[in-house]
Amino acid sequence: MDNDLRWIKQIKKNASESAANNLVSKYYKEMYAFHYKQTLDPDLSLDVTQELFITVLQSIHAYDPKKASFRTWLYRIASNRIVDYFRSKHYRYAQFTQPIEDIHQEVEDEYNLEIEIEHKEQFEFVNAVVNRLDAHSQQVIRLKLFGGYTLKEIAAIEAIPLSTVKTRYYVALKWIRKEMEAANIEER
C-alpha cells in the first residue's frame, strides 16, 4: 500500500513513467483475471484491462487516498467499465454475430469440447441475465461473483451502506435463480 501511494504521488507530481509502470504491473494480472472471469475472452479481457489502466492513469489526479485504497478505487472503475461494456451496442451486436462454435481453444477430445460448449452457453446465459439487472445491482453481483469481494468490501468500494449492498445482492441473486429455473423448465 505504501508503494501505491508513493507511485501515485510520483505520477501526479512529475508524470513518472516508471511509477506508472510499477503501479500497472502490480495490478495488471488481477484486473485481467477480473475481466476474464466475466468475458471468457482473452483478447477482449486484454483490451478492457488496457483501457482500464489508460482511464486510471488519465484520471489519477481524482484519486483520494482518504476515501478509499487504490485497489478499491481501481475495482470501482473496473466494475463500472465492465457494466458499461455489457450495456454497449458493440457487445449486443457481437452476441448476434458470433457463433457459439467460435471457441479459441483447441480440444482433442470431443467430450471435452461438448463440456466446453455447455460451460460457455451456461456462462453466456448467466451473463445475459446479469446484464439485464440495473447498473447498481450488476456492480454488486460482478464484484461478488467475479471479483471475490465480501459484501462488506463491496459496500466500501461502492461507498454505500452494507444494508443496501445486501439488499441489492440478495434481490439480484433471487431474480437470477428464478430466471435460471425458468430457462431449465423451458428446455425440458
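In case you missed it, the structure is sitting above this.
This one's a predicted model, so the numbers in the text were calculated from it and none came from an experiment.

Q: Which residues make up unusual backbone geometry, and what are the values?
A: Positive phi, normally seen in glycine, also occurs at L40, with a value near 55°. Turning to its location among the elements, L40 is positioned in the loop between α2 (17-39) and α3 (42-58). Since its relative accessible area comes to 24%, L40 is described here as partly exposed. Positive phi, close to 55°, is recorded for A159, a residue that is not glycine.

Q: So, the side chain of T39: which residues are in play, and what are the values?
A: Looking at where T39 falls in the secondary structure, it is placed in helix α2. Taking the relative accessible area as the measure of exposure, T39 reaches 12% and is therefore buried. Among the polar contacts made by the side chain of T39, one reaches the side chain of S45 at a distance of 2.8 Å. Among all residues touching T39, those that are not within four sequence positions of it are L44, S45, I82, F86 and F123.

Q: Let's hear about the packing of α3 against helix α4 (residues 70-87): which residues, and what values?
A: Look at α3 against α4: their axes get within 10 Å of each other, and the N-to-C directions meet at 125°. Of the possible angle classes, the one that applies to α3 and α4 is oblique. For α3 against α4, the interelement crossing comes out right-handed. Facing L44, V48, E51, L52, F53, T55 and V56 of α3, the residues of α4 in contact are F70, W73, L74, I77, A78, R81, I82 and Y85. Of the residues assigned to the contact of α3 with α4, the class counts are twelve nonpolar, one polar and two charged.

So, how was this worked out
- Residues numbered from 1 in each chain as written.
- Predicted model: local features only at pLDDT ≥ 70, side-chain atom pairs only at ≥ 80, totals over all residues.
- Heavy atoms only, no water.
- Helix = DSSP H or I, 4+ residues; strand = E, 2+ residues; numbered from the N terminus.
- Buried < 20%, exposed > 50% of the residue type's maximum accessible area, 1.4 Å probe, protein only.
- Polar contact = N/O pair within 3.5 Å; in protein donor to acceptor, adjacent residues only side chain to side chain.
- Contact = heavy atoms within 4.5 Å.
- Axes fitted to C-alpha atoms, helices over the stretch in contact; angles between N-to-C directions.
- Parallel < 35°, antiparallel > 145°, perpendicular 65-115°, else oblique.
- Left-handed = near helix turned anticlockwise from the far one by under 90°.
- Nonpolar A, V, L, I, M, F, W, Y, C, P; charged D, E, K, R; others polar.

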